[in-house]
2 protein chains.
Amino acid sequence: MQRILEGIKILDFTQYKAGPMGTQILGDLGANVIKVERDKGGDLERSFKTFGKLTQEGDSPFFLAMNRNKRSLGLNLKNPAAKEAVYRIARDADVVVQNFRPGVLAKLGFGYEDFKKINPGIIYCSNSGYGLTGPYVSRPGQDMLAQAMSGLIMMNGREDSPTPVATSVADGATSLYLTIAILGALYHKKCTGEGQELDVDLLSCLLAFQQEELTAYLNLRPTPEFKRAGSGLAAPWNGAPYGAYKTSDGRYIVIGVVPMDKMADLIGAPELAGYTDTELAFEHRDKLWEIIQGKILLNTQEHWVEYMLSFDVWCAPVNSYAEVVKDPQVAHNRMLHRMEHPALGEIGVVAAPFRYSSTPAQYLQAPPLIGEHSEQILQEHGYTDDEISRILN
Amino acid sequence: MQRILEGIKILDFTQYKAGPMGTQILGDLGANVIKVERDKGGDLERSFKTFGKLTQEGDSPFFLAMNRNKRSLGLNLKNPAAKEAVYRIARDADVVVQNFRPGVLAKLGFGYEDFKKINPGIIYCSNSGYGLTGPYVSRPGQDMLAQAMSGLIMMNGREDSPTPVATSVADGATSLYLTIAILGALYHKKCTGEGQELDVDLLSCLLAFQQEELTAYLNLRPTPEFKRAGSGLAAPWNGAPYGAYKTSDGRYIVIGVVPMDKMADLIGAPELAGYTDTELAFEHRDKLWEIIQGKILLNTQEHWVEYMLSFDVWCAPVNSYAEVVKDPQVAHNRMLHRMEHPALGEIGVVAAPFRYSSTPAQYLQAPPLIGEHSEQILQEHGYTDDEISRILN
């Protein structure tokens, strides 16, 4: 089977999420991703406790989520022999990616200028909290901090409690923008032979991710009041019925955009019919939400989903992960993939979400142990056993 | 200035968000994006009321957010002359993108097979709610429905109220995965000349976006109880202090991962020091959150952000959009871009969030009026004035 990025070599110095989630996609597309990790401890995500726990064998499930299709080269980057090995590996690499704080990796001798000397066509992508320059360059950058600074937390949750989004959306968005930036640079390099430097930051990516809300803020006059719904069950920029509703069996459904007179008929609530004007409906959305919630509470989740779908109304069940993993469409799309891990046995991971007719993503390498491929990678670059032991010591 | 996708022609049949937000990135990178819209009404996003309103001149700010760097070709696709024009334009196009419900565009004569006959190397990308096949193929697909079905809403918000995320995260994630899929396919086409079909859906993209949480669900034993924090101010998979806290001036801050003994010292709460074990801290996170909240409430947002940053603790203010647009780092990164719109005058849009050293994103074309470039585009493809009037009638 053909792989899009076959032959593309990536030196990946990233850890945590935003970098690894991006480079995993490049690996899924066939790139040769060499994960350069500290020989002691490795990627800090390996020891990130989720729900206070690691897997029974001592790995973080979050690490497992984002590091398949990479090989691990465990190094002490302060060892001069290891340093030379990195330079040698970089000679014919296409991309270096790193997400240390600005300036840190360059101080170790692995900045863009260092690699450019060895390999003028290299693409060097830095990922940081706020960018490589500017007033916040020395601040700690992290997913929830970027969520807070981007305006997202202020919009999320109930009126009385701005709430961080329940998935690390700044890291997630950044991982994808970073992948786009690298694929764009690889395309340019393919056309021109030229490399370049890329600067991708969490805060900017999360602003771009909120381009709708921010463009509304910048262009609506008068500027609308951006308040969370009192109920906290709706999107802050949309009126009822748009939102989540509890059903008689203690479960939830969501209902999307529906004209209010149609909604009035559907649930038998004629008092809604006077709110077909969307501005009026937005103004009174808490009240309207209460009316609709009163009706929805009279029947089960299954009833409402079937009933609404029979009228082609935007409606869905609010699933837990336990329900997600049993969903027939999720199975049909083969989104949950199982692979053999060298220490953990069979593990489950989430597949790439795009389906190519000729060049499908492939899952060939489980998330590696620290340094699992150090010798193999060094051998590929012509090192002898003696040299390898100097590099790895 | 060089543009990465200079000379790449994209026929863009998408509307709403997930498609347009992706094709805008391709336009930012220099592709020639031809937005094929209904001559009457255009992209339905144009009339999407945000906070119940449109801009004063009758455009949706959400449309403005996602349609720069595209030219609009307004057509009635059932007019045979218009149909022929689409085929002629597609002869040397590189990509067709569409997000109609599965099968709908093919019925109009614009499926993959139709374009492949004219142009064997074409890349044809479909975006749908759940995929082009499978049990949910005929269901309505939309951002909040995908959020609900993916497990995200069940994790977001307070314990007693699962809450849709305050930005359309399924559309956003999909727009980026779709862009990645297309860039990958363009790279493959550059190397081999081959086109192919791509199938990208909201539900799968949002599962991939939650790869951390789902991988935890699939691999932790026993399966952890996935409950929202009682306070709703924290991430559901992480213990205190991780979360948002109210300050004495009625504002909020977030505090990231901090060892509990360090936190005890920092805020003068020695009772925290017994919770250095992360599993224990996770179990008692609501109680610990309350203790920390009690202390944070004693001083202002500004105080706490400065104080915590002076110890290099992950901390940030929870900003409103009013604060975001005045943020000096946002300005430094030039994330808010102003451009001249043919009807609205100067508008504000959000820039691309990646900075290339040689091939920066450029903003050359404001979000177009419906059919603003119909004649120009048809002329470029050799049509005479008479023919053009038949096509546009």
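As the structure is a prediction and not an experimental result, all values here were calculated from the model.

**With respect to the sheet that holds strand E8 (residues 196-201) of chain B**
Pairing is mixed in the open sheet, where seven strands are placed in the order E14(A)-E8(B)-E5(B)-E4(B)-E1(B)-E2(B)-E3(B). Two strands close off the open sheet at either side, each with one partner strand: strand E14 (354-356) of chain A together with strand E3 (70-75) of chain B. Averaged over all adjacent pairs, the angle separating strand axes in this sheet is 20°, with direction ignored. As judged from the four bridges shared by strand E1 (residues 9-12) of chain B and strand E2 (residues 32-38) of chain B, these two strands associate in the parallel manner. Among the inter-strand pairings, Lys9(B) is bridged to a residue of E2(B), identified as Asn32(B). Contacts from helix H8 (residues 169-192) of chain B reach E14 of chain A together with strand E4 (95-98), strand E5 (123-128) and E8 of chain B, with the element oriented near 165° to E8(B). Here helix H9 (residues 202-209) of chain B sits on the sheet in contact with E14 of chain A together with E5 and E8 of chain B, set at roughly 70° to E8(B).

**Things to note about the interface of chain A and chain B**
At the junction of the two partners, chain A supplies 156 residues and chain B supplies 156 residues. Interface of chain A and chain B: buried area, both sides summed, is about 14400 Å²; carbon and sulfur atoms make up 66% of it. It is Phe51(A), Tyr187(A) and Tyr321(A) in chain A that bury the most area against chain B; as a group they hold 7% of the surface buried on that side. The interface formed by chain A and chain B includes eight salt bridges. A salt bridge links Arg101(A) to Asp312(B); its shortest N-O distance comes to 3.0 Å. Our count for the chain A to chain B interface comes out at 59 residue pairs in polar contact (both at pLDDT 80 or more). In terms of residue count, helix H8 (residues 169-192) of chain A provides more of the side of chain A that touches chain B than any other element does, 17 residues in total.

**Overview of the pairing of strand E4 (residues 95-98) of chain A**
Residue and element names in this part refer to chain A. Residues Val 95 and Val 97 point to one face of E4 and Val 96 and Gln 98 to the other, with burial holding for every one of them. Pairing between strand E1 (residues 9-12) and E4: three bridges, direction parallel. Bridging across to E4, Leu 11 finds its partner in Val 96. Two strands pair when backbone bridges link them, and E4 and strand E5 (residues 123-128) are joined in this way by four bridges, in the parallel orientation. By the bridge assignment for E5, Val 96 is matched with Tyr 124.

**A look at the relation of the copies chain A and chain B**
Of the two same-sequence chains, chain A is brought onto chain B (RMSD 0.0 Å, axial shift 0.0 Å) by a rotation of 180°. The two molecules are tied by a two-fold rotation axis, judged by turn and shift. Of all interface residues in chain A, 100% are interface residues in chain B too; the two copies therefore contact each other through one and the same surface.

How each quantity is defined
Residues numbered from 1 in each chain as written. Chains lettered and ligands numbered in written order. Predicted model: local features only at pLDDT ≥ 70, side-chain atom pairs only at ≥ 80, totals over all residues. Heavy atoms only, no water. Pairing = 2+ DSSP bridges. Helix = DSSP H or I, 4+ residues; strand = E, 2+ residues; numbered from the N terminus. Axes fitted to C-alpha atoms, helices over the stretch in contact; angles between N-to-C directions. Contact = heavy atoms within 4.5 Å. Buried area = accessible area lost by both parts, 1.4 Å probe. Salt bridge = Lys/Arg side-chain N within 4 Å of Asp/Glu carboxyl O. Polar contact = N/O pair within 3.5 Å; in protein donor to acceptor, adjacent residues only side chain to side chain. Buried < 20%, exposed > 50% of the residue type's maximum accessible area, 1.4 Å probe, protein only. Least-squares fit on C-alpha atoms with pLDDT ≥ 70 in both.

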